[in-house]
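Below, each chain spelled out in residue letters.
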Amino acid sequence: MHRLRFAQGHVTLTLCIGDLPEFAELLRQHPTGPCLPPADLVPETARTVTVIGSGISGAGTARALAERGWQVTVLDAGSAPAAGASGLPVGVIAPHTSHDDSAVSRLTRAGVRLMRHTLQTWLTEGTDWSPTGVMERRLPGKTRRGGVPLSWLNEHAEVAQDWTLPAPPPAPDDAYWHAKGAWLRPVQLVRALLEHPNIRWQGHAKPDALSYVARHSNGTALGDETPTTATWQVLQAGTVLAEASRVVLAAGPGSAALVATATTDGSSPRINPLRGQISWGLMADLPDNTPMPATPVNGNGAFVHSVPTEEGPAWFVGSTYDRLQNEALLLDSDHADNFARLQALHPDTAATLAPLFATVGSGASRVQGWAGVRCGVHDRLPMTGRVHNAPEGLYLNTAMGSRGLTLALLCGELLAAQWHGEPLPIEARLTKFLDAARFKPKDEQ
Ligand SMILES: Cc1cc2nc3c(=O)[nH]c(=O)nc-3n(C[C@H](O)[C@H](O)[C@H](O)COP(=O)(O)OP(=O)(O)OC[C@H]3O[C@@H](n4cnc5c(N)ncnc54)[C@H](O)[C@@H]3O)c2cc1C
């Protein structure tokens, strides 16, 4: 195995010759060092991984690895999969767009493409998701100016047709049309992804520590001699819940605390919780033939309607952004906030729903709520990849922010492709925007 790296003006060539035990010794000497065996050098019997968290990030990662032959144990604190932000009753996917076709724009297109392919493969159209397209409003006061690459409006008009173009009248002047936008019910997708013979799901499992254990082949703990195996134990109150050669942390806001138990200096990336609430109600509570937008609308929160639920077809609006609470509380004030968003986003619909919002807090409210806690880092991009200051074998796939439904599957696929040295699902230069090690101090790069 050899590896050529370019970083900060330096070129490093790492050449490793020998059997796996010798790699293991090298890793013991340089646990955070430059020579990491790719997954295809890990014997198939050792391809075991524990994924912590079974939202869209954990389920997507588990599935991508299970498909490649890994035996995957998925642990979740909840009593069922999608116990966190991915439990939202309905969400919207749509690409980000920008005049300079930024990294975020390109990443979200790759994410939407993979998500749509996955939805088509595993879910029932019309019930669990719908390829409606999405209309995006560019409302005054939003920080993002948006727009599409100017070349899409002339010489690459076919790309715009496929992806995003100014919405035709009667849409407002500020509106864009995302042809590949869709709504989906993420819980159904999480469940479908976890249905694989190589995946074992365990609920009510809330680990509080990770431990890297190097052993001799006879199972004794490491002394002065060469170790031949190294595994990660996942612990809850000192009891081992799972043991595997690798761990992927996809525990949303719970990920950083687990990282801190495994890093050489007890540090962890700053992953901030961001609570959000959706308001929703039944279509049956609206007068017959109430005019509604033809497709989901987003831009200041989102509005989606006629989504099948167990209680009947429903409308959804939201969500809010709350940096103060990190519990999934339901607040009446958030319903008012969502209503105000809808007034800006689609005034006609807001007027239709106003009588229902007037019932909030009355004890006979026709508006229900759902709240969850997303999480993100300051550049609002996912954290995907190896934890740089922990021994080899510990990975993150989290911090999906407000775009988890667009990006999480892509990130899980990226991680699995990297482990196997496969062609990547995105341009190689985009991987640095997702790399979990991108915030490490410059002198360690
Ligand atoms: C109100 C709201 C609306 C949203 N709307 C959209 C939208 O329209 N489009 C979009 O793309 N995104 C949307 N998002 C964001 C999206 O839901 C998230 O980005 C995505 O669900 C995050 O998925 P995840 O798997 O990373 O985290 P989560 O779904 O939060 O999963 C983390 C899992 O880890 C488990 N866990 C936590 N700690 C531990 C522990 N110590 N041990 C074991 N398990 C643990 C939790 O139980 C949970 O199941 C919305 C979010 C909210 C809250």
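See the structure printed just above.
The structure contained in this document is the topic of the report that follows. What you see is a predicted model, and the numbers here were worked out from it, not measured in a lab.

In terms of burial, strand 4 (residues 71-75) is largely enclosed, as four of its five residues are buried. In the classification by handedness, the crossover that spans strand 3 (residues 48-52), the intervening helix 2 (residues 56-66) and the parallel strand 4 is right-handed.

Below, the discussion takes up the pattern of salt bridges. One pass over the full model with this rule turns up 17 salt bridges. In this structure, Arg341 engages Asp337 in a salt bridge whose closest nitrogen and oxygen atoms are separated by 3.4 Å. With Arg341 and Asp337 both in helix 7 (residues 332-345) and four residues apart, this pair spans about one turn of that helix. Classification of Arg341 as buried rests on a relative accessible area of 15%. Arg386 is paired through a salt bridge with Glu392; the nearest N and O atoms lie 2.9 Å apart. For Arg386, a relative accessible area of 15% corresponds to the buried category. Each of Arg68, Glu413 and Glu422 takes part in a single network of salt bridges with overlapping partners.

Turning to the packing of helix 2 against helix 9 (residues 404-419), a few remarks are in order. Put simply, helix 2 and helix 9 touch, their axes get as near as 8 Å, and they point 35° apart. Once helix 2 is placed against helix 9, the crossing between them reads as right-handed. Across from Ile56, Ser57, Gly60, Thr61, Ala64 and Leu65 in helix 2, the residues of helix 9 making contact are Gly404, Leu405, Ala408, Leu409, Gly412, Glu413, Leu415, Ala416 and Trp419.

Below, the discussion takes up helix 8 (residues 347-357). Those residues of helix 8 not exposed but buried are Thr349, Ala350, Thr352, Leu353, Leu356 and Phe357. Along the long axis of helix 8, the arc covered by the buried residues comes to 165°, so they all point the same way. Turned more than 90 degrees away from the buried face of helix 8, the exposed residues are Asp348, Ala351 and Pro355. Considering only its buried residues, helix 8 is in contact with strand 16 (272-282), strand 18 (302-307), strand 19 (314-318) and helix 7.

In the neighbourhood of the ligand, 37 residues make up the surrounding shell, with Ser57, Asp76, Ser86, Gly401 and Leu405 lying closest. One of the backbone N or O atoms of Pro207 is found 3.4 Å from a nitrogen atom in the ligand. Calculation on the ligand without its partners gives an accessible area of 1000 Å², and the protein chains cover 91% of this total. When residues of the shell around the ligand are traced back to their parent elements, those giving at least two are helix 2, strand 5 (91-93), strand 16, strand 20 (368-376) and helix 9. Taken together, the residues of the shell around the ligand sort by class into 16 nonpolar, 17 polar and four charged. Both domains that meet at the shell around the ligand, namely domain 1 (44-85 + 190-271 + 381-444) and domain 3 (272-376), each give it at least three residues.

All right, on to the packing of aromatic side chains then. In this description, a pair of aromatic rings is defined by centroid distance and the angle of the planes. For the structure on display, the rule yields six aromatic pairs. Aromatic pair Trp315 and Phe357: ring centres 5.7 Å apart, planes at 45°, arrangement tilted. Placement of the pair is Trp315 in strand 19 and Phe357 in helix 8, with a sequence separation of 42 residues. Comparing Trp315 with Phe357 shows no difference in burial state: the two are buried.

Calculation rules
Residues numbered from 1 in each chain as written. Predicted model: local features only at pLDDT ≥ 70, side-chain atom pairs only at ≥ 80, totals over all residues. Heavy atoms only, no water. Buried < 20%, exposed > 50% of the residue type's maximum accessible area, 1.4 Å probe, protein only. Helix = DSSP H or I, 4+ residues; strand = E, 2+ residues; numbered from the N terminus. Right-handed = clockwise from strand over helix to strand, strands pointing away. Salt bridge = Lys/Arg side-chain N within 4 Å of Asp/Glu carboxyl O. Axes fitted to C-alpha atoms, helices over the stretch in contact; angles between N-to-C directions. Left-handed = near helix turned anticlockwise from the far one by under 90°. Contact = heavy atoms within 4.5 Å. Arc of directions from axis to C-beta. Near = heavy atom within 4 Å. Polar contact = N/O pair within 3.5 Å; in protein donor to acceptor, adjacent residues only side chain to side chain. Areas by Shrake-Rupley, 256 points an atom, 1.4 Å probe, with all protein chains shown as cover. Nonpolar A, V, L, I, M, F, W, Y, C, P; charged D, E, K, R; others polar. Domains from an automatic or database assignment. Phe/Tyr/Trp six-rings, centres within 6.5 Å; stacked < 30°, edge-to-face > 60°.

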